[in-house]
Amino acid sequence: MMKQKSNKAINIVLWIAQGLLAVMFIMAGMMKTTQPVEVLAESLPWVASSPIGLIRFIGISELLGGLGLMIPSIFRFKPVLTVWASIGLAIIMVLAAGFHAIRGEFTGIGMNVILMGIALFIAWGRSKKAPIQAKR
């Protein structure tokens, strides 16, 4: 009985984490893929000195990762893709932390680490603790 309650609780926490992380990455991805570089540089100073192709690539990766956190799980179609999306977003956060460290922008690395931790929690939870079963 306790195991069933703990699985239900972890499932709820995972859904909340997936939803919040998905919204965050979808918004960030949309911003990086649709806004002009000049406007984007006002809120993200590193954009001014980065190639436009890199900025758009990061945006598309974040957008797809955010969608991948939710869509496979909601529709129960290949829900293992949620695990892979969360691992991909964790890798993006490792690369982002490295990028900011190289540039001496240490203030943003904490957020990268927090987001990476949430993404890895989702990967662990959806692969080991509370996996979502695919529709048959």
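Structure: above.
Below is a summary of the structure that appears in this document. Throughout, a residue's number is its position along its own chain's written sequence, starting from 1. Selection of residues for local features in this predicted model requires a pLDDT of at least 70, selection of side-chain atom pairs for listing and counting requires 80 or more, and totals for whole chains, interfaces and linings are taken over all residues. Only hydrogens and water are set aside; all other atoms, that is, all heavy atoms of the structure, feed into the side-chain values.

### Some remarks on the overall build of the protein
Step number 1: By the criteria applied, helices consist of DSSP H or I runs no shorter than four residues and strands consist of E runs no shorter than two, each listed in order from the N terminus. Helices and strands together make up the secondary structure of the protein, namely 5 helices and 0 strands.
Step number 2: When its helices and strands are written in sequence order, the protein yields α-α-α-α-α.
Step number 3: Judged by the C-alpha coordinates and their principal axes, the protein covers about 55 × 30 × 20 Å.
Step number 4: Residues are treated as being in contact if the distance between any of their heavy atoms lies within 4.5 Å. Sequence-distant contacts, at least 24 apart, represent 67% of the contacts inside the protein between residues at least 6 apart.
Step number 5: Only the protein chains shown count as covering a residue, and every accessible area follows the Shrake-Rupley method with a 1.4 Å probe. Total accessible area on the protein stands at roughly 8,200 Å², and carbon and sulfur atoms take up 74% of it.

### Focus on the packing of aromatic side chains
Any two aromatic rings considered together are summarised by their centre-to-centre distance and by the angle between their planes.
Step number 1: Ring pairs are drawn from Phe, Tyr and Trp, using the six-membered ring of Trp, whenever the two centres fall within 6.5 Å, and their geometry is named by plane angle: stacked under 30 degrees, edge-to-face over 60, tilted for the rest. By the definition in use, this model includes 2 aromatic pairs.
Step number 2: Summarising the aromatic geometry, the rings of W46 and F99 are spaced 5.6 Å apart at their centres and angled 75° between planes, so their arrangement reads as edge-to-face. Of this pair, W46 sits in the loop between helix 2 (37–43) and helix 3 (52–75) while F99 sits in helix 4 (residues 80–102), placing them 53 residues apart in sequence.
Step number 3: Centroid distance F121 to W124: 6.0 Å. Interplanar angle 35°. Geometry classified as tilted. You can see F121 and its partner W124 sitting in helix 5 (residues 109–129), 3 residues apart, about one turn around the helix.

### Re helix 4
Step number 1: Helix span, expected: 1.5 Å multiplied by one less than the number of residues in the helix. Taking 1.5 Å of rise per residue, the 23 residues of helix 4 would be expected to cover 33 Å, and the 34 Å separating its terminal C-alpha atoms lies within 8% of that figure.
Step number 2: Along helix 4, the positions that sit buried rather than exposed are T82, V83, A85, S86, L89, A90, I92, M93, A96, A97 and H100.
Step number 3: Phi turns positive, to about 75°, at G104, one or two residues after helix 4. Exposure is judged per residue with a 1.4 Å probe applied to protein chains only, and the accessible area is read against the type maximum: over 50% gives exposed, under 20% gives buried, and values in between give partly exposed.

### Observations regarding unusual backbone geometry
Step number 1: Phi is positive for R76, which is not a glycine, with a value near 50°.
Step number 2: Its place among the elements puts R76 in the loop between helix 3 and helix 4.
Step number 3: Given a relative accessible area of 38%, R76 falls into the partly exposed group.
Step number 4: Residue K78 is not a glycine yet carries a positive backbone phi of 50°.

### Looking at helix 3
Step number 1: Between its first and last C-alpha, helix 3 extends 34 Å over 24 residues, near the 34 Å set by a 1.5 Å rise per residue.
Step number 2: Here the bend at each residue means the angle between axes fitted to two seven-residue stretches, the one ending at that residue and the one beginning there. Maximal helix bending in helix 3 amounts to about 30°, located at G68; proline P72 follows within four positions.
Step number 3: I55, G59, E62, L63, G65, G66, G68, L69, M70, P72 and S73 are the residues of helix 3 that are buried.
Step number 4: Just downstream of helix 3 lies R76, where phi reads positive at about 50°.

### Some remarks on a nonpolar patch on the surface
Step number 1: The patches described consist of residues with a relative accessible area above 30% and no salt bridge, like charges being joined within 9 Å and nonpolar side chains (Val, Leu, Ile, Met, Phe, Trp, Tyr) within 5 Å. Salt bridge, as used here, is a side-chain nitrogen of Lys or Arg placed within 4 Å of a carboxyl oxygen of Asp or Glu. A contiguous nonpolar patch, built from I60, L64, L67, I71, I74, F75 and F77 and spanning about 700 Å² of accessible area, is present on the exposed surface.
Step number 2: With respect to the element layout, L64 can be found in helix 3.
Step number 3: By relative accessible area, which is 54% here, L64 ends up exposed.

### Some thoughts on the pattern of salt bridges
Step number 1: Inspection of every chain in the model, using the stated rule, returns 2 salt bridges.
Step number 2: Of the charged contacts, one joins K32 and E62 as a salt bridge, the two residues approaching to 2.8 Å between their closest N and O atoms. One end of the pair, K32, is in helix 1 (residues 2–34); the other, E62, is in helix 3, with 30 residues separating them in the sequence. We note that K32, like E62, is buried.

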